[in-house]
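# Close look at the chain arrangement
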Amino acid sequence: MLDKSYSEHFGFTESEVLQMMEYYGVGSRFDMMKEWYDGYLFGTSEVYNPWSVISFLTGILSRSEDYLVKSNRESDNGRSDILVRSPSLRGRSFILEVKVSDCIDDLEEDAQRALRQIQEKKYMEELRAEGYRKIDCYGVAFYRKDCEVRFGGLFIETGGKMMTEKAGKLKDYLETVSHYDTAITLIGWDMDTEVPKNGMENLIGTLGFLSEKQFALKTSDEYGKLLSDLSEPEEFDRLDEAMKFTVRRYRKLYEENKRVPAEFYTEFVKARARSRQAWQEAKQAADFGIFCPHLQTMIDMARQMTAYGHPGEDVYEAMLAEYEPGMDGAAIDGLFGELKRELVPLVREIEEKGRPDSWEFVGHYDINAQKELQKFLLEYIGFDFDSGTTGETEHPYTTTISFGDVRVSNHFREDEAINAMFSAIHEGGHAIFEQKIDPAYAGTAVDEVYMMGLHESQSRFFENILGRNIHFWEPIYAKVGEYLPKFKEISLERFYREINKVQCSMIRTEADEVTYAFHVILRYELERAIFRDGVTAEELPALWNQKMQELLGICPANDAEGILQDMHWSEGAFGYFPSYLLGTIYDGMLLEALETELGSVDAVLAEGRILEITKWLNENIHRHGAMYNSREMIQRVCKKEVSAGPIIKHFKEKYGNIYSL
């Protein structure tokens, strides 16, 4: 061939061969290479057969006192085709995987397939285990005399894993961001559990300062370029699944955050902290007036924040998607509508049976004893105190400070103990999810579970599907009496009826699992009224009371047992509430799937084997972290599309037996 313009496409050029040989310290052998393999002339360019060059190079290196070359001639034994060790652990070694193509059109894909095999079969682990930290990877494909060589990149150990240079830089960058996350979350925990009143404003200032710095990192040009570069197909294909998920997720968030003015974000963080403190004060005083201006600020700022991040979108739809991606308003309306149709007549039928008097449970319950019982219950269901701790707050919640540090809070009362028991089990379900995410995902977006319907399904599965089953308590009820002697006077059967008493009540977190649905629907309908109909904070208490009467047939006596009972709106967390009821719906499906594999949950619980259930949840759900959204996870585990049918069936069977319906 005489046209030199095509020369570089038919093999290695002389300069490329020389560069490769000098890179591996055998440039002095170039004349021998030229004598043996200088076989093609394109125009005025001398071109070398790639496979001949690679074979020559590995042969030379294998005879070198410095490099150690290992060739694997067997198939399917978990090793790469050619592995070359550097003489120094700090030097660059390389891995070569070779494929033979069926036709010339397959060369490019087969070379890429060879690269994927290096990662999927973890060929780098052998070198990494020996202490090598820099590894070049090549995928090679041949068809007769044609060859395709793909450079997979230089892989460097970062955080105990091999990844490309750019991926390593992203991982290091995210580690810096995570330090701010840890500090900010820890301050939030401190503000809820420890900070004296006079220290609050200074801490809010510190929170604003750190949040401003963190937001700058999350919107920097350097961060954006890293994410953009890693999104390019050649780089993206070299990433493992966790890093691919991380790049997709964080690039989306980067683009949303980049549209938010930094000054606005800082003010939003400060306003949110002040709003939360005002809510606590207002709740304790049962005075909505204290909180009202702060709530209006949160409504306005949350609306603006969402509009910045999602221009042109329906604000409330975007809020719903933030907490439960894959579930839009239309899907939620359908599921909630079905529950309403089925549960309203069920509750009426139960109410006609009357309800047991709770006088036996009236008494004094020592707070410290309740905390000891909480510790016992958390350990019983599988909470790891080496990776978590507990605290006391106005509203129970779970938070992850950092990987390996998951904290659970609770609220205790001296005149009543059952609600704190079930709050402990509920929050324990959240915490176990966080604790059991595969450690391999630490430092990636996979360890940040943002699908709150799935998260709530785990807390409510432990609280209701397991905790309100009489067989949960059979092995441990005597222990409850040891911590709280009052329960020695109450039979297990009577306790079981009490914890499954269905009655319309004021407080969502204390509601039975059937009427709980109406509490969530009420909040969902109010949020739609706020963001679609323009209802103001000042109008909300009256609308709240009206909805309570409509859905539950009761009306709050004061704001504390009405609109002030939840902390969510004080933080601007609009769109979160539907996830509670979606979690309940998922639980009906998960119960069916679990019993298909483990048998009757009654038998497992009665024998004290609850940790087998926890392990099943760990394996099927928790370890995957955020890799799948709620809808995808339910389809993977249950092999069905999301449906309210299973939980409705569970409610009718369970309460039909309890109330002899």
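For the structure itself, look to the data block above.
### Regarding the nonpolar core
- Within the largest apolar cluster, 177 residues are counted, with the highest numbers of intra-cluster contacts made by Phe336, Met421, Leu466, Phe472, Trp473, Phe487 and Phe495.
- In terms of residue count, helix 21 (residues 516–533) provides more of this core than any other element does, 11 residues in total.
- Discounting chain neighbours no more than four positions away, the residues touching Phe336 are Val520, Ile521, Tyr524, Pro578, Leu581, Leu582 and Ile585.
- Counting 11 residues, the second-largest nonpolar core is a separate cluster that includes Leu83, Tyr123, Leu127 and Cys137.

### A closer look at the pattern of salt bridges
- Applying the stated criterion to the full structure yields 43 salt bridges.
- A salt bridge links Asp221 to Lys258; the nearest nitrogen and oxygen atoms lie 3.3 Å apart. Of this pair, Asp221 sits in helix 8 (residues 221–231) while Lys258 is found in helix 10 (residues 241–258), placing the two residues 37 residues apart along the sequence.
- For Asp221, a relative accessible area of 62% puts it in the exposed group.
- Within the structure, one salt-bridge network assembled from shared partners comprises Glu360, Arg494, Glu498 and Lys501.

### Considering the environment of Met191
- Within the secondary structure, Met191 is located in helix 6 (residues 165–193).
- Each C-alpha atom of the pair Met191 and Gln277 lies 8.8 Å from the other, and the pair is 86 residues apart in sequence.
- With sequence-adjacent residues up to four places away left out, Met191 is seen in contact with Met200, Leu203, Ile204, Leu207, Ala273 and Gln277.

### Considering the sheet that holds strand 12 (residues 405–410)
- Taken together, 3 strands build an open sheet; the order of strands is 10-12-11 and the sheet is mixed. Only two strands of the sheet have a single partner each, and these edge strands are strand 10 (388–392) and strand 11 (398–402). When the angles between neighbouring strand axes are averaged without regard to direction, this sheet yields 25°.
- Relative to strand 12, strand 10 is paired through 5 bridges, and the arrangement is parallel. Looking across to strand 12, one finds that Glu392 is bridged to Asn410.
- Across the face of the sheet, helix 16 (residues 418–435) comes into contact with strand 10, strand 11 and strand 12 while running at roughly 165° to strand 12.

### So, the environment of Phe215
- Tracing the sequence through the fold places Phe215 in helix 7 (residues 200–218).
- With relative accessibility at 5%, the residue Phe215 sits in the buried group.
- Counting along the chain gives 35 residues from Phe215 to Tyr180, while the straight-line C-alpha distance between them is 9.6 Å.
- Not counting chain neighbours up to four residues away, the residues in contact with Phe215 comprise Asn257, Val260, Pro261, Ala262 and Tyr265.

### A closer look at a negative patch on the surface
- On the surface, Glu474, Glu493, Glu595 and Asp602 cluster together into a negatively charged patch.
- Within the secondary structure layout, Asp602 lies in helix 24 (residues 601–606).
- Look at Asp602 and you get partly exposed, because its relative accessible area is 32%.

### Considering the environment of Glu372
- Mapped onto the secondary structure, Glu372 falls in helix 15 (residues 367–381).
- Given the relative accessible area of 44%, Glu372 is considered partly exposed.

### Remarks on the packing of aromatic side chains
- Tallying each qualifying case throughout the model produces 29 aromatic pairs.
- Aromatic pair Phe472 and Trp473: ring centres 4.9 Å apart, planes at 70°, arrangement edge-to-face. Taken individually, Phe472 and Trp473 each receive the classification buried, so the pair is uniform in this respect.
- An angle of 70° between the planes, with centres 5.0 Å apart, marks the rings of Phe531 and Phe574 as edge-to-face. Taken together, the residues Phe531 in helix 21 and Phe574 in the loop between helix 22 (540–552) and helix 23 (578–598) connect sequence positions 43 residues apart. This pair shows no difference in class: Phe531 is buried, exactly as Phe574 is.

Conventions and cut-offs
- Residues numbered from 1 in each chain as written.
- Predicted model: local features only at pLDDT ≥ 70, side-chain atom pairs only at ≥ 80, totals over all residues.
- Heavy atoms only, no water.
- Core = buried A, V, L, I, M, F, W, Y, C linked by side-chain atoms within 4.5 Å.
- Buried < 20%, exposed > 50% of the residue type's maximum accessible area, 1.4 Å probe, protein only.
- Helix = DSSP H or I, 4+ residues; strand = E, 2+ residues; numbered from the N terminus.
- Contact = heavy atoms within 4.5 Å.
- Salt bridge = Lys/Arg side-chain N within 4 Å of Asp/Glu carboxyl O.
- Pairing = 2+ DSSP bridges.
- Axes fitted to C-alpha atoms, helices over the stretch in contact; angles between N-to-C directions.
- Patch = residues over 30% accessible without salt bridge, like charges linked within 9 Å, V, L, I, M, F, W, Y side chains within 5 Å.
- Areas by Shrake-Rupley, 256 points an atom, 1.4 Å probe, with all protein chains shown as cover.
- Lys, Arg positive; Asp, Glu negative; His and termini not counted.
- Charge placed at Lys NZ, Arg CZ, Asp CG, Glu CD.
- Phe/Tyr/Trp six-rings, centres within 6.5 Å; stacked < 30°, edge-to-face > 60°.

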